[in-house]
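What the coordinates show
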Amino acid sequence: MRTTLTITLTLLLCTCVRAQFNVIGQVQDAEDQAVAFANVALYATTDSSLVKVETTDDAGVFRMQNVPAATYTLSVTYLGAPELRQAVDVTKDFDLGVLTLAPAAVELAEATVTAQRALVEVKPDRTVFNVEGTINAVGNTGLDLLRKAPGVTIDNNDNINVLSRSGVLLYVDGRRLPLQGQDLSNYLRNLTAEQIDRIDIITNPGAKYEAEGNAGIIDIRLKKPEDEGANGSLSTNASQGRYFRGGVDASGNYRNRWVNVYGNVGYNSIENFNEMLFDNYQNGLLLDEDNLGRYSGRTANYRLGADFRIGDQHTVGVLVGGRYNDATNLENNETDIFAVTGSTLRFDSTLVAQNVSDSDRGQNTINLNYRYAIADDRSLNVDLDYGRFRNDQLMDQPNRYFDAEGRPLSSLLNYFETPTDIDIYTAKADYEQPLAGGVLSAGTRFSRVRTFNTFLFYAYQDGGLDDRTLDVQRSNQFDYSEDVYAGYLNYAGQLSERWKFTAGLRVEVTDATGELTPFDNKLEEPPVELNYVSYFPNAGLTYALNAQQGNTLNLAYGRRINRPDYNVLNPFRQQLSQLRYERGNPFLNPEIVDNVELGYTHAYRYNLKIAYSSTADQITRLIAPDDDDPRASFISWDNLATQTVWSANLSAPVQVAEKYNIYANLSASYTDNQARYADGGVVDVQVFSYGGFIQNTINLPWGLTGEIGGYFSGPGVWGGVFRYEALGALNVGLQKKFLNDQLNVKLSGNDLFFTSGWRGESEFNGLRSVGSGNWDSRRVGISLSYNFGNQKVKVRDRKSGLEQEAGRVQ
């Protein structure tokens, strides 16, 4: 299957002839008046040679015919106005819309306008994965999309890694999501592709960002209408794998010069299966374990926001949102237990645990924002945020043992109540002004997280749950509080025409307490307190090899931290069955990482990044045998002594022919994990891994657009010791627009050969585990979206904040 995937993608990399297109547009001044006789020129990015030049007519309109497909620099000049320059990616006939010349007192920086949003954009500080730019996202969840994102991998326990580094901080709309572990996985599974605009992957954040997250930040940006006038959209989607998924969404906005009011509501229903098979060898035993789970969830969500301009300098915004989910998870865990003597297996018994859990999750957030544009190049931005997260879960877990003939031997029936309440408060202020030919940024941030976790463990008999009794020795209340006080300074300047630099320092004071309150006073332990000051320097240096051709070198350094959260600190056991459970480690230290990245950009399009990461006290997930029960194993967390990662990433958009484009993203990494523990456990793992993502986009007859793409991940390591084998998937998509492009219909097929499942093995402290797994990844889907209103694209200049209207994106 994987051979078929590789051959298919390779055959698509062919070379055909280049085509020629027409480019039109209109030039206006700052008062929206047509500019006649302006000079409009196209320069090749490869050698800065002049390709085409035209002048605007009395209506300010220009027309360029027979323009070869390529990337150009467009120059618009007119006496008395500053030159307007922008990159233009010509891949078909397209209308640049209105190009507005700035008044003489304001100079617009370079902006980029393309006829279609690229699937992946590599920017100086981040990689942008445009979900809207891919057809085969139909029916995918947020977790599915992250598997496809460049440089991102997800392990068999849904832990997210970037450039082979763990410890990613997840944001939604620029605000931290405080969920971890299974809570985070469930959130992402109930977030649909139709709700997501793009995913920003920031591998080396600057001093402005909080220092949490060793591998950087993944910021999921939800759709937010910002078009002029009254606009809206309706969409629906459905997909079928082993189980059905579907949803509906509606969004709208009204915007004029002084106000932008926007909102959206949505509902989706998701069913999924997850299968994991393990052979565990420990203490002279073989435990052959099969886990088959079925998840069924329903989610309703809403967002409502407004931005108000008060004069020319002040903007006030408010955004409220909510997400409510109820779900049922059926998990059948069956373990055959054998005694191992040499090469002989002797059957002992079978454990069957048929888990049924019901959960209700609620999320409410509010943001208040104030922006003061003190001058064209000075600004103050203030944000206040509050997030309320409530997770309630009930789980019934009957553990029953059977002999070889299926006759019952014994049983242990358990029931769990595990509510979790999280409140997070954040206040921050950012200030920016010019200084000595550069830009000085300064800011402060305060965050407070309060987490209350209740773990109630009940035992009951075959008579039913009404007779359940609380096991006080295995029940507890675990509360975690964390206050972080932060401040930063950052300066970006220019040493010469070719050399630019940035340098910053962030200081964070952390005051955290984890307090365990057992129901049995004999088990009481003193609270775990963490109080420390951390310094996080960062620096960057950029050299323009050839500014006209877009060739640059960039060197960046940054230090980050990953603090243990409530999921990995709570020492009480949460079990999948009587013989497999998970427990936290209240004595974990925060991990500190130093990242160095060297990047090269060629012709604005081709990007190569080489990175080195060294982590002290790496927090990792380990699987080990239980000390008391020779049949049992558990998952826990500990600090590795060190983790070292070397990685490289190459991204390249290629126009092969007139109607054929390719985007390729290739990566490779070398990971070295080292640790030696007091109980004799040793981690000494070195792994070389590689992977790639390729998407082919083909313009077909009758206005159809097709996609063929896929990803491949070579062997690697998850956590500290689990080595996994290669995996991958092939996806296809087809798109057609109707009714003047207002109705968009997409068809998709994902993981056609069902090759995205994982398999691998780990060995640690006397436990050897060999496992494999898969989920409901092979799917076909359809989505329909209808847009109405006066929708036009706004291109905002990064420096001045001014906007240019570029017409409808096709």
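From a predicted model like this one, the values you see are computed outputs, not experimental measurements.

This brings us to the overall build of the protein. Regarding its fold elements, the protein presents four helices and 50 strands. Among the 810 residues that make up the protein, the fraction classed as buried is 50%. Counting only carbon and sulfur atoms, one obtains 54% of the accessible surface of the protein, whose full area is about 35,500 Å².

Pairing in this open sheet of four strands is mixed, and the strands run E32-E33-E37-E36 from one edge to the other. Lying at the two open borders of the sheet, with one neighbouring strand each, are strand E32 (574-577) and strand E36 (619-625). Strand-to-strand twist in this sheet, taken as the mean axis angle between neighbours without regard to direction, amounts to 25°. Bridging between strand E33 (residues 580-582) and strand E37 (residues 633-639) involves three bridges; their strand directions are parallel. The residue of E37 that forms the bridge with glutamate 582 is isoleucine 635.

On to the packing of aromatic side chains. For the structure on display, the rule yields 18 aromatic pairs. Geometrically, the ring pair formed by tryptophan 499 and tyrosine 543 is tilted, given 4.5 Å between the ring centres and 40° between the ring planes. Of this pair, tryptophan 499 sits in strand E29 (residues 499-518) while tyrosine 543 sits in strand E30 (residues 528-546), and the two are 44 residues apart along the sequence. The partly exposed category is assigned to tryptophan 499, whose relative accessible area is 35%. Residue tyrosine 543 is classed as partly exposed on the basis of its relative accessible area of 22%. Between tryptophan 718 and phenylalanine 722 the ring centres are 6.0 Å apart and the planes differ by 5°, which places this aromatic pair in the stacked class. Chaining the aromatic ring pairs together yields one cluster made of Phe278, Trp718, Phe722, Tyr724 and Trp758. Taking the ring centre of phenylalanine 273 as reference, the NZ or CZ of arginine 242 above it sits at 3.6 Å.

A few words now on the confidence of the model for the protein. Where the model shows low pLDDT, its predicted coordinates should not be examined in detail. Put simply, the protein has an average pLDDT of 83, and 88% of its residues get 70 or more. Between residues 1-18, whose pLDDT stays under 50, and residues either more than four places distant or in other chains, the model counts 35 contacts. Overall, residues 791-810 carries pLDDT values under 50, and its contacts beyond four positions in sequence, including any with other chains, amount to 64 contacts.

This next bit is on unusual backbone geometry. With a phi close to 60°, aspartate 617 is a non-glycine residue in the positive phi region. Tracing the sequence through the fold places aspartate 617 in the loop between strand E35 (606-616) and E36. Classification of aspartate 617 as partly exposed rests on a relative accessible area of 30%. Positive phi, close to 55°, is recorded for leucine 739, a residue that is not glycine. Looking at the element boundaries, leucine 739 is found in the loop between strand E44 (727-738) and strand E45 (743-750).

Turning next to the pairing of strand E41 (residues 704-713). Two faces belong to every sheet, and in a regular strand the side chains alternate between them. Of all ten residues in E41, seven are buried, a share of seventy percent or more. Of the strand pairs in this sheet, strand E40 (residues 682-699) and E41 are connected by nine bridges, and their pairing is antiparallel. Considered in E41, the bridge of isoleucine 694 is made with glycine 710. Once E40 ends, the chain turns through four residues before running back antiparallel as E41, passing tryptophan 702 with a positive phi of about 60°. Bridge count for E41 against E44 is ten bridges, and the pairing is antiparallel. Across the sheet, residue glutamate 707 finds its bridge partner in E44, namely glycine 733.

Leu188, Ile199, Ile218 and Ile220 are the most contacted members of the largest nonpolar core, which totals 31 residues. Of all the elements in the fold, those that place two or more residues in this core are helix H2 (142-148), strand E11 (152-154), strand E12 (160-162), strand E13 (169-172), helix H3 (181-189), strand E15 (196-202), strand E16 (217-222) and strand E25 (420-435). With residues up to four places along the chain from it excluded, the contact list for leucine 188 reads Thr141, Gly142, Leu143, Leu146, Ile160, Leu170 and Ile220. Core analysis: the next-biggest nonpolar cluster, separate from the first, contains 21 residues, Leu42, Val76, Val88 and Leu99 among them.

Moving on, we come to the side chain of asparagine 774. With respect to the helices and strands, asparagine 774 occurs in strand E47 (residues 767-775). Residue asparagine 774 is classed as buried on the basis of its relative accessible area, which comes to 19%. When near neighbours in sequence (up to four residues on either side) are disregarded, asparagine 774 contacts Phe273, Asn274, Glu275, Phe754, Gly757 and Trp758.

What follows deals with the pattern of salt bridges. Counting across every chain of the model gives 25 salt bridges. Among the salt bridges present, the one from aspartate 423 reaches arginine 390, with a minimum N-O distance of 3.2 Å. A residue pair is termed long-range when its members are at least 10 positions apart, and aspartate 423 in strand E25 and arginine 390 in strand E23 (residues 378-402) qualify at 33 residues. Residues joined by salt bridges that share partners form a network here, namely Glu212, Arg506, Glu508 and Arg563.

By the element assignment, glutamine 397 lies in strand E23. Polar side-chain contacts of glutamine 397 include one of 3.3 Å to the side chain of asparagine 399. The contact partners of glutamine 397, leaving out residues within four places of it in the chain, are Ala353, Asn355, Leu412, Leu413, Asn414, Phe416, Gln575, Leu576, Ser577 and Gln578.

On the surface, a cluster of negative charge is contributed by Asp511, Glu515, Glu524 and Glu529. Here glutamate 529 is to be found in strand E30.

Take the environment of serine 185 next. Assignment of secondary structure puts serine 185 in helix H3. Assessed through its relative accessible area of 2%, serine 185 is described here as buried. Between the C-alpha atoms of serine 185 and glycine 142, which are 43 residues apart in sequence, the distance is 9.2 Å.

Further remarks concern a nonpolar patch on the surface. Residues Leu495, Trp499, Leu541, Leu545, Leu553, Leu555, Val596, Leu598, Leu608, Ile610, Leu650 and Leu666 make up a contiguous nonpolar surface patch of about 950 Å² in total accessible area. Listing elements by their share of the nonpolar patch, those giving two or more residues are E30, strand E31 (551-562), strand E34 (591-602) and E35. Mapped onto the secondary structure, leucine 608 falls in strand E35. For leucine 608, a relative accessible area of 35% translates into the label partly exposed.

Reading the values: the criteria
Residues numbered from 1 in each chain as written. Predicted model: local features only at pLDDT ≥ 70, side-chain atom pairs only at ≥ 80, totals over all residues. Heavy atoms only, no water. Helix = DSSP H or I, 4+ residues; strand = E, 2+ residues; numbered from the N terminus. Buried < 20%, exposed > 50% of the residue type's maximum accessible area, 1.4 Å probe, protein only. Areas by Shrake-Rupley, 256 points an atom, 1.4 Å probe, with all protein chains shown as cover. Pairing = 2+ DSSP bridges. Axes fitted to C-alpha atoms, helices over the stretch in contact; angles between N-to-C directions. Phe/Tyr/Trp six-rings, centres within 6.5 Å; stacked < 30°, edge-to-face > 60°. Lys NZ or Arg CZ within 6 Å of the ring centre and 35° of its normal. pLDDT = per-residue confidence, 0-100. Contact = heavy atoms within 4.5 Å. Core = buried A, V, L, I, M, F, W, Y, C linked by side-chain atoms within 4.5 Å. Salt bridge = Lys/Arg side-chain N within 4 Å of Asp/Glu carboxyl O. Polar contact = N/O pair within 3.5 Å; in protein donor to acceptor, adjacent residues only side chain to side chain. Patch = residues over 30% accessible without salt bridge, like charges linked within 9 Å, V, L, I, M, F, W, Y side chains within 5 Å. Lys, Arg positive; Asp, Glu negative; His and termini not counted. Charge placed at Lys NZ, Arg CZ, Asp CG, Glu CD.

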